[in-house]
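Architecture at a glance
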Amino acid sequence: MLFHVKMTVKLPVDMDPGKAFKLKADEKELAQRLMREGKWRHLWRIAGQYANYSVFDVASVQELHDTLMQLPLFPYMEIEVDPLCRHPSSIRENDS
Ligand SMILES: O=C(O)CC1=CCC(=O)O1
């Protein structure tokens, strides 16, 4: 199942810089593992914002929820999720 996810990061302005650095490093490590596993298909920066558009490919809504909740930055993100399905006019046969 494919999901389009918008993540907007809102770190407290007074967060300790060392803590922020560690959170971002841990987030990157987990994100790259999920990308290697094929679960985090796309990760795009939204220009001019501390936010991203991502596409996740997971087995269920529950797996998406569990995955998002384990992200180190989860407590500091606003997350919007849209489920995706195939568009009948798409020419990309393998994009399911
Ligand atoms: O910087 C972001 O948009 C949040 C994030 C997601 C994966 C990552 O490494 O950072």
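Residues numbered from 1 in each chain as written. Predicted model: local features only at pLDDT ≥ 70, side-chain atom pairs only at ≥ 80, totals over all residues. Heavy atoms only, no water.

**Quick look at the pairing of strand S3 (residues 51-57)**
Counting buried residues in S3 gives five out of seven residues, a clear majority hidden from the surface. Summarising the sheet, strand S1 (residues 2-9) and S3 pair through seven bridges and their orientation is antiparallel. Within S3, the position partnered with His 4 by the bridge is Val 55. Of the strand pairs in this sheet, strand S2 (residues 40-45) and S3 are connected by five bridges, and their pairing is antiparallel. Across the sheet, Trp 40 pairs through a bridge with Phe 56, a residue of S3. In sequence, S2 turns back onto S3 through a hairpin of five residues, with Gly 48 there showing a positive phi of about 80°. (Buried < 20%, exposed > 50% of the residue type's maximum accessible area, 1.4 Å probe, protein only. Helix = DSSP H or I, 4+ residues; strand = E, 2+ residues; numbered from the N terminus. Pairing = 2+ DSSP bridges.)

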